2 protein chains.
Amino acid sequence: MSKRNIDLKEQLNNSSYKLTGQRQAIMDLLTENNSEHLSADEIYKMLSEKNTGIGIATVYRTLSMLEKLKLITKINIDDGCVRYQLSDPRSEHEHHHLICECCGCIQDIKDDLLESLEKQVLVENGFHVYNHKVKFYGICKKCYIE
Amino acid sequence: MSKRNIDLKEQLNNSSYKLTGQRQAIMDLLTENNSEHLSADEIYKMLSEKNTGIGIATVYRTLSMLEKLKLITKINIDDGCVRYQLSDPRSEHEHHHLICECCGCIQDIKDDLLESLEKQVLVENGFHVYNHKVKFYGICKKCYIE
DNA sequence: CTTAGTGCAAAACATTTGCAAACCA
DNA sequence: TGGTTTGCAAATGTTTTGCACTAAG
């Protein structure tokens, strides 16, 4: 059992949620495939292949709960469904995403370089920024070379 | 008729689309309510109140066409539907959005201050950025004061 | 035990599509 | 007139919900 799964159990207990096999299985899947940015349907299909008998409603309810606990984060790349990624426990801010318009791959960059921009937003707009989501669209290294 | 509507007619002719009353009405609505970031359903309901008889399918088809022509731009604030905004003809890049988690308002900021970050992304990840979408979440001036 | 969690099926939305009728160029 | 465009309704795809059953604490 990985370190991250122990976190799950603690988090659920702290929030008076129960640890069930289904929730564990979904969290495991997200942990093992974090770079895939899985959607609810993809998770459901992967669990079905393992004959876990977990229903699609449970997948949606679990993802919603995990997001409420800030263990995972929504990402939306306008492909018709919401995708999820483990939250970065070291950062209050989210990953930034590089979305390749050629092959559709999604890379993460973890830099948090928007602080000066956020300060400017506060000064110019009086808007207090707590979080941001940044997506860069372009061509990834692999596609660019080929 | 506003300057922007003349642009629409030109754009449609240039792309061998026909200018119809429905397309004009939808573009007018978007122009008059640009700061509202309207969704397809909101546009449909507003047109229905005016008894224009425009169908929801036409709204979706028109929005899709206008986006293809780069006259409008999708924005997604994870509220269950896609919203649209007039493209800024002076900028190849999109508006950034300030989304208030208190009152739900969406403000635009037009600054294009991510260029140094994009350069860094190219150097560190070999990713060629063509466009970006940035959303800042926080508390707007009005909510912060009240 | 007792309440929260689950699977199933139906419902609810957002969006897309097929098609005959209407309309622009 | 002839090919687009439209409205309608049906279809699609994603997500949510009601409910009886199950299981965690």
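These numbers come from a predicted model, not from an experiment.

Undergrad: How should I be thinking about the overall build of chain A in this particular structure?
TA: Assigned secondary structure in chain A consists of 6 helices and 5 strands. Along its sequence from the N terminus, chain A presents helices and strands in the succession α-α-α-α-β-β-β-β-α-β-α. Scored against the burial criterion, the 146 residues of chain A give a buried share of 44%. Surface accessibility of chain A: about 8200 Å² in total, with carbon and sulfur atoms responsible for 49%.

Undergrad: What am I meant to see in the protein's contact with DNA strand C here?
TA: Every one of the 19 residues lining DNA strand C counts as a neighbour, but A:Thr20, A:Gln22, A:Arg23, A:Thr58 and B:Tyr60 are closest to it. The sugar-phosphate share of atoms of DNA strand C within 4 Å of the protein amounts to 75%. A:Lys18 places a main-chain nitrogen or oxygen 3.3 Å from a phosphate oxygen of DNA strand C. The separation between a base nitrogen of DNA strand C and a polar side-chain atom of A:Arg61 is 2.9 Å. When residues of the surface near DNA strand C are traced back to their parent elements, those giving at least two are helix 2 (21-32) and helix 4 (56-68) of chain A together with helix 4 (56-68) of chain B. For the surface near DNA strand C, a count of residues per class yields 8 nonpolar, 6 polar and 5 charged.

Undergrad: I'm lost on helix 4 of chain A in this one. Help?
TA: Residues separated by three or four positions in an α-helix point in the same direction, a consequence of the helix having 3.6 residues per turn. Relative to the 18 Å expected for 13 residues at 1.5 Å per residue, helix 4 of chain A spans 18 Å between its end C-alpha atoms, a close match to the ideal helical length. Immediately beyond the C-terminal end of helix 4 of chain A, within one or two residues, lies A:Lys70, with a positive phi of roughly 60°.

Undergrad: Sorry, what's going on with the pairing of strand 4 (residues 106-109) of chain B here?
TA: The side chains of a regular strand alternate between both faces of the sheet. All names here are of chain B. In terms of strand pairing, strand 3 (residues 96-100) meets strand 4 through 4 bridges, oriented antiparallel. Bridging across to strand 4, histidine 96 finds its partner in isoleucine 109. Where strand 3 folds back on strand 4, the antiparallel hairpin that results is connected by 5 residues, among which glycine 104 adopts a positive phi of roughly 80°.

Undergrad: Would you explain the interface of chain A and chain B in this entry?
TA: Interface size is commonly expressed as the accessible surface area that is lost when the partners come together. Counting from both sides, the interface comprises 35 residues of chain A and, opposite them, 35 residues of chain B. Carbon and sulfur atoms supply 64% of the area that chain A and chain B bury against each other, a total of about 3300 Å² over both sides. When the area that chain A buries against chain B is broken down by residue, the three leading residues are A:Phe127, A:Lys133 and A:Phe136, summing to 20%. The interface formed by chain A and chain B includes 2 salt bridges. Where B:Asp78 meets A:Lys133, a salt bridge forms, and the shortest distance between an N and an O atom there is 3.7 Å. Applying the counting criterion to the chain A and chain B interface returns 5 residue pairs in polar contact (both at pLDDT 80 or more). Mapped onto the side of chain A that touches chain B, the elements with two or more residues apiece are strand 3 (96-100), strand 4 (106-109), helix 5 (115-125), strand 5 (128-139) and helix 6 (141-145) of chain A. Per element, the largest residue contribution to the side of chain A that touches chain B is 12 residues, and it comes from strand 5 of chain A. Residues of the side of chain A that touches chain B, tallied by class, amount to 17 nonpolar, 9 polar and 9 charged. Two strands pair when backbone bridges link them, and strand 5 of chain A and strand 5 (residues 128-139) of chain B are joined in this way by 11 bridges, in the antiparallel orientation. Within the sheet, the bridge partner assigned to A:Lys133 lies in strand 5 of chain B and is B:Lys135.

Criteria and cut-off values
In this numbering scheme, every chain counts its residues from 1 along its sequence in written order. All chains are assigned letters beginning at A, and all ligands numbers beginning at 1, according to the order in which they are written. Only residues with pLDDT of at least 70 are given local features in this predicted model, and only at 80 or more are side-chain atom pairs given and counted; all residues enter the totals for whole chains, interfaces and linings. Excluding hydrogens and water, the side-chain values take into account all heavy atoms of the structure. In DSSP terms, a helix is any run of H or I states spanning at least four residues, a strand is any run of E spanning at least two, and both are numbered starting from the N terminus. For the exposure calls, accessible area comes from a 1.4 Å probe over protein chains only, and a residue counts as buried if that area is under 20% of its type's maximum, exposed if over 50%, partly exposed in between. To be clear on the numbers: accessible area is Shrake-Rupley with a 1.4 Å probe, and residue cover counts the displayed protein chains and nothing else. The nearness test applies per residue and asks whether one of its heavy atoms lies within 4 Å of the molecule or strand. Polar contacts, as counted here, are pairs of nitrogen or oxygen atoms within 3.5 Å of one another; within protein the pair requires one atom able to donate a hydrogen and one able to accept it, and residues that are adjacent in sequence qualify only if both atoms are side-chain atoms. Throughout this entry, Asp, Glu, Lys and Arg are counted as charged residues, while Ala, Val, Leu, Ile, Met, Phe, Trp, Tyr, Cys and Pro are counted as nonpolar. The remaining residues, Gly among them, count as polar. A helix is expected to span 1.5 Å for every residue after the first. Any two strands are treated as partners once DSSP identifies two or more bridges connecting them. When checking whether two residues touch, look at their non-hydrogen atoms; a contact exists if any pair is within 4.5 Å. Buried area adds together the accessible area that both of two parts lose upon being put together, with accessible area traced by a 1.4 Å probe. Salt bridge, as used here, is a side-chain nitrogen of Lys or Arg placed within 4 Å of a carboxyl oxygen of Asp or Glu.

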